[in-house]
Amino acid sequence: NIVTGVNGMGLTSLTFDWTQAAYLSSPLVTPWWAEVNIFAGFVVFMWILAPALYFSNTIQLAHFPFNAGQSFDRFGNPYNLRRVLEPGSFAFVQENYDNYSKMVLPNTFLLSYFAGFVALTAVLVHAVLNHGGDILRGLRVLPRPPDDIHAKLMRRYKAVPMWWYQWILVFCLIAILVVMEYADLNIRSGMVLLAIIIPAVYALPSGYIFALTGQMVGTNVVSDIIGGYMLTEHPKSFLLFKSLSVQTLIGCLSFTSDLKIGHYMKVPPRAVYAVQLVGTLVVVCVQLGVKRLLVKAVPDLCTPNQQYRLTCQGLNVYFTSSLVWGVIGPRRIFTESEYRPVLWGLFIGAILPIMVWLAKRKYPRSWVRLVSIPVFFTGASVLPAATAINFTSFIAVAFVFQYWLKRHNFRWWSKYNFVTANALDAGTILSELIIFFLIQLPSNDRWDIQWWGNSVMQDTADMLRTPLLPIPESGLDL
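Let us look at the structure shown here. (Residues numbered from 1 in each chain as written. Predicted model: local features only at pLDDT ≥ 70, side-chain atom pairs only at ≥ 80, totals over all residues. Heavy atoms only, no water.)

1. Let's talk about the overall build of the chain
Just so we agree on the cut-off: Strands are runs of DSSP state E lasting at least two residues, helices are runs of H or I lasting at least four, and both sets are numbered from the N terminus onward. Our radius of gyration is a C-alpha quantity, and the globule rule it is checked against amounts to 2.2 Å times the number of residues to the power 0.38. In this scheme, a residue with accessible area under 20% of its type's maximum is buried, one over 50% is exposed, and one in between is partly exposed, where area comes from a 1.4 Å probe on protein chains only. Pairs of residues are marked as contacts when any of their non-hydrogen atoms sit within 4.5 Å. Charge counting follows a simple rule: Lys and Arg are positive, Asp and Glu are negative, and His as well as the terminal groups are ignored. Here the site of a charge means atom NZ of a Lys, CZ of an Arg, CG of an Asp or CD of a Glu.
Broken down by element type, the chain carries 18 helices and zero strands. The C-alpha atoms of the chain give a radius of gyration of 24 Å, which matches the 23 Å a tight globule of 478 residues would have. With the C-alpha coordinates of the chain rotated into their principal frame, the extents come out at 75 × 60 × 55 Å. For the chain, buried positions account for 39% of its 478 residues. Within the chain, contacts between residues at least 6 apart in sequence are counted, and of these 74% link residues at least 24 apart. Both charge centroids of the chain, one from 35 positive and one from 25 negative side chains, sit 16 Å from each other.

Listed below in structure tokens is the structure:
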């Protein structure tokens, strides 16, 4: 089960479910060389490093699930945050922590942190070495190249004045400060500015990776480190800091990609600006309302056995990350524990891009020119929110469309490939809405087809995430 299962190494796992195959990104849109980098990172981490650590029981990892997106205590149970927090104030209590248990991170979760540490520094070094000249030209330190045909055509439209962006920045900063005061958070205004500076530093390096590969190297880990050390034992303040740092970069790159589409489709810049502003306001209101409705109306939301499979795997990983950094703190988890070698990823991430860059200069026509260290480790860092089946299905579909069809039937590929990608995305969304609102919700699952093929996997070690070794009744000695 561990070797072949979906929640294990997934050596025989495959699916035609488009939501699973396109979980990382659309395999019909991402360039083939980038997809190979992503899958290579998965192979190294999931099929080599993870089993090596797990089956050797390094730091007692074999007593916990092979691949899980939550933290555990020394008894093998999900870590009970309430036992280390003071009721009401949510303040961390050291005595309770000492009497209860240290926090344990399972196998792939620990490796994903290592991959995230590597990507954190690798993206900066990679950008300087490979795109330093372009960055300086963008900052107008070096002369800019002449406009291409698209830029010349777009000059017929009125540009968006810079003050339109500036007033939104000022308004949002004021709103954040008001929220801080209203929520009585233990966070200073200077830390809010720092949370915005972090994505500003990563916008260009991560933007180059995103533009070339479709993979977004986020600021999750850097915000975890900085926020964790400054706001340890203040989980609500840490969540605000992390949300600002992470979502600002995501919003920046998403908005930039929309501007890029508008640029090539010759949409007036002011129209793109207006659509983005209105769309953001509408989405914020709708999402807030839907999430409040789900919390109040759906029982056992975000639990493993939720009736409608609303298990919130990504949100559980986000919660565990916030628990690690905002409550327990990086000092207790990494600096003063057996997990300390994970921090070496920061140093490795600064060295590997230099080695690859030197190899590219020496062998410019070899396969080394296609290696991207940030993309390689970013793919592995999405574990354990992603599972093995997301990677195996992703590369299988990518091989057919981005390699075989592109090479052997380029005429069909150039005409229909991206249309097919959009059709699959749109069809999947429509089918999900129809299945949930017209079948599952009205019937309360009475119409579900119950047969052996739908239930046989429910009691397997893979589905139950059964660990390799049992835990003594007295718990592990951590």
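2. Examining the side chain of Thr428
On the secondary structure map, Thr428 appears in helix H16 (residues 410-443). Non-local contacts of Thr428, meaning those with residues more than four positions away in its chain, are made with Trp18 and Thr19.

3. Re the packing of aromatic side chains
The line we're drawing: Geometry of aromatic contacts follows a simple scheme: Phe, Tyr and Trp rings, the Trp one being its six-membered ring, pair when their centres are within 6.5 Å, and the pair is stacked under 30 degrees between planes, edge-to-face over 60, tilted otherwise.
Taken as a whole and assessed by the stated rule, the structure comprises 26 aromatic pairs. Between Phe39 and Phe42, the aromatic rings sit 5.6 Å apart at their centres with planes inclined by 35 degrees, giving tilted as the arrangement. Taken together, the positions of Phe39 and Phe42, both in helix H2 (residues 32-55) and three residues apart, correspond to about one turn of that helix. When the ring of Trp163 is compared with that of Trp164, the centres are 6.1 Å apart and the planes differ by 80 degrees; the resulting orientation is edge-to-face.

4. What to know about the pattern of salt bridges
Threshold: For this document, the term salt bridge refers to a Lys or Arg side-chain nitrogen within 4 Å of an Asp or Glu carboxyl oxygen.
Tallying each qualifying case throughout the model produces one salt bridge. In this structure, Asp224 and Lys242 form a salt bridge, with 3.2 Å as the shortest nitrogen-oxygen distance. Highlighted residues: Asp224 in helix H8 (residues 220-230) and Lys242 in helix H9 (residues 235-265), separated in sequence by 18 residues. With a relative accessible area of 1%, Lys242 lands in the buried category.

5. Some points on the nonpolar core
Worth spelling out the cut-off: In these notes, a set of buried Ala, Val, Leu, Ile, Met, Phe, Trp, Tyr and Cys residues joined through side-chain atoms within 4.5 Å is what counts as a nonpolar core.
Counting 83 residues, the largest nonpolar core has Val84, Leu105, Tyr113, Ile187, Ile328 and Phe334 as the members making the most contacts within it. Setting aside anything within four residues of it in sequence, one finds Val84 in contact with Tyr79, Ala91, Phe92, Val93, Asn96, Tyr97, Tyr100, Val327 and Ile328. Ranked by size, the runner-up nonpolar core spans eight residues in total, among them Ala21, Leu28, Val397 and Leu405.

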